[in-house]
Amino acid sequence: MAQFIEWLADLCCFGLFIYKWIIIAAVILTWVSADPHNQIVQWIGRATRPLWVWCENWMPVMMSHFSAYASILVVIFAQIVLPAEIRSFNLLLHGLIDAQGFLFQSGGHLLQGTTIVLQSLMFFFMFVLIIWFVLTLVNPSLNNPLVRIIHVLADPLITPLQRYLPRTRIDWSPMIGVLFFYLISSKIISPISFYGSKLSFPVSLCVY
């Protein structure tokens, strides 16, 4: 029984890992305007669209165009928490932890899942801002679809900063944003994640 539950946790981890990359493939396909009549493109759309719509319904209207990226974060959270919960239940079922230990571990899994999602989000923001900063140095054309995507992603992040920063020949707001998100990740989110890992011990997380 213990081996079966452990196998179930591994299967859940692997299945969510595959689904995460299907969503990433779907996002990439939207960048290149893939043929909508292609059977593979249609299958990827059917597999990912329900989660996109669900995320879109829960997000503010002004952020709804980020639903595809939000769905990736939802799957990352599930990939971290669900297999770990199954493993903790396995320990409870076989008397290796008590009910209180199970609750502490569950709390640790939720903390780690939340913080890893937030760190992924911070890393994504930093990546977008660094790319946008480099692009502004070469004055890219907004007619380029990839440049437009980066602009749409970066603009909500740097507009609040631009209101308070002095005007200079080079727009430093993207790099100020990178520093801001780095400090949030390292000084706030990382300690919370470490505390969650102590609560989760000895259950390993599915993070690949």
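Preceding this section is the structure that the text describes.
About the cut-offs
- Residues numbered from 1 in each chain as written.
- Predicted model: local features only at pLDDT ≥ 70, side-chain atom pairs only at ≥ 80, totals over all residues.
- Heavy atoms only, no water.
- Helix = DSSP H or I, 4+ residues; strand = E, 2+ residues; numbered from the N terminus.
- Contact = heavy atoms within 4.5 Å.
- Areas by Shrake-Rupley, 256 points an atom, 1.4 Å probe, with all protein chains shown as cover.
- Lys, Arg positive; Asp, Glu negative; His and termini not counted.
- Charge placed at Lys NZ, Arg CZ, Asp CG, Glu CD.
- Core = buried A, V, L, I, M, F, W, Y, C linked by side-chain atoms within 4.5 Å.
- Buried < 20%, exposed > 50% of the residue type's maximum accessible area, 1.4 Å probe, protein only.
- Expected span 1.5 Å × (residues − 1).
- Salt bridge = Lys/Arg side-chain N within 4 Å of Asp/Glu carboxyl O.
- Axes fitted to C-alpha atoms, helices over the stretch in contact; angles between N-to-C directions.
- Parallel < 35°, antiparallel > 145°, perpendicular 65-115°, else oblique.
- Nonpolar A, V, L, I, M, F, W, Y, C, P; charged D, E, K, R; others polar.
- Polar contact = N/O pair within 3.5 Å; in protein donor to acceptor, adjacent residues only side chain to side chain.
- 1 Å grid on protein atoms, 1.4 Å probe; cavity = no way out; pocket = protein on both sides within 12 Å on 5 of 7 lines; lining within 4 Å.
- Points joined across faces, edges and corners; volume = space filled by probe spheres on them.
- Phe/Tyr/Trp six-rings, centres within 6.5 Å; stacked < 30°, edge-to-face > 60°.

## Structural notes on the overall build of the protein chain
Scanning the protein chain for helices and strands turns up six helices and zero strands. Secondary structure elements of the protein chain, listed N to C terminal, follow the sequence α-α-α-α-α-α. Taking the principal axes of the C-alpha coordinates as reference, the protein chain spans close to 65 × 45 × 25 Å. Considering only residue pairs separated by 6 or more positions, the protein chain has 70% of its internal contacts joining residues 24 or more positions apart. About 12,800 Å² of surface is accessible on the protein chain, with carbon and sulfur atoms providing 72% of the total. Across the protein chain, the centroid of the 10 positively charged side chains sits 12 Å from that of the 8 negatively charged ones.

## Quick look at the nonpolar core
By size, the foremost hydrophobic cluster in this structure holds 46 residues, and its most contacted members are Ile76, Leu129, Trp132 and Phe181. For this core, the secondary-structure elements that each account for two or more residues are helix 1 (2-31), helix 2 (39-58), helix 3 (67-93), helix 4 (99-137), helix 5 (145-162) and helix 6 (173-200). A per-element tally of this core places helix 3 first, with 11 residues. Among all residues touching Phe181, those that are not within four sequence positions of it are Met122, Phe125, Met126, Leu129 and Leu157.

## As for helix 1
With 30 residues, helix 1 should cover 44 Å at 1.5 Å per step; its first-to-last C-alpha distance of 44 Å lies within 8% of that length. Of the residues making up helix 1, those classed as buried are Ile5, Ala9, Cys12, Cys13, Leu16, Lys20, Ile22, Ile23, Ile24, Ala26 and Val27. Trailing helix 1 by a residue or two, Ser33 shows a phi angle of about 50 degrees, which is positive.

## Section: the pattern of salt bridges
A complete count under the given rule lists two salt bridges for this structure. Measuring nitrogen to oxygen at the nearest pair gives 2.8 Å for the salt bridge that ties Arg87 to Glu6. With Arg87 in helix 3 and Glu6 in helix 1, this pair connects stretches of sequence that are 81 residues apart. A residue is classified by how much of its surface remains accessible, and Arg87, at 12% relative accessible area, is buried. The residue Asp10 makes a salt bridge to Arg87 at a minimum N-O spacing of 2.5 Å. Taken together, the residues span a long stretch of sequence, with Asp10 in helix 1 and Arg87 in helix 3 at a distance of 77 residues. Linked by salt bridges that have partners in common, Glu6, Asp10 and Arg87 make up one network.

## Topic: the packing of helix 1 against helix 3
Two elements in contact, helix 1 and helix 3, have axes separated by 9 Å at closest approach and are oriented at 180 degrees. Taken as axis vectors, helix 1 and helix 3 run roughly antiparallel relative to one another. Here the contact of helix 1 with helix 3 is built from residues that sort into 23 nonpolar, three polar and four charged.

## Points about the side chain of Gln79
Here Gln79 lies in helix 3. Polar contacts involving the side chain of Gln79 include one to the side chain of Lys20, which spans 3.3 Å.

## Regarding unusual backbone geometry
Across the junction of Phe201 and Pro202, the peptide omega takes the value 10 degrees, indicating a cis bond. Tracing the backbone shows Pro202 in the segment after helix 6.

## What about the layout of surface pockets?
Any space left empty among the atoms is revealed by the rolling of a water-sized probe across them. Its boundaries defined by the atoms lining it, the largest pocket holds a volume of some 880 Å³. Only helix 1, helix 3, helix 4 and helix 5 provide two or more residues apiece to the lining of the largest pocket. When grouped by side-chain class, the residues that make up the lining of the largest pocket number 31 nonpolar, two polar and one charged.

## Re the packing of aromatic side chains
What the rule picks out here adds up to eight aromatic pairs. Ring plane angle 50 degrees and centroid distance 6.0 Å describe the contact between Trp54 and Trp58, whose orientation is recorded as tilted. You can see Trp54 and its partner Trp58 sitting in helix 2, four residues apart, about one turn around the helix. Its relative accessible area of 45% is what places Trp54 among the partly exposed residues. Judged by relative accessible area, Trp58 falls into the exposed class, the value being 66%. Measuring from ring centre to ring centre gives 5.6 Å for Tyr69 and Phe124, while their planes differ by 35 degrees; the resulting arrangement is tilted.

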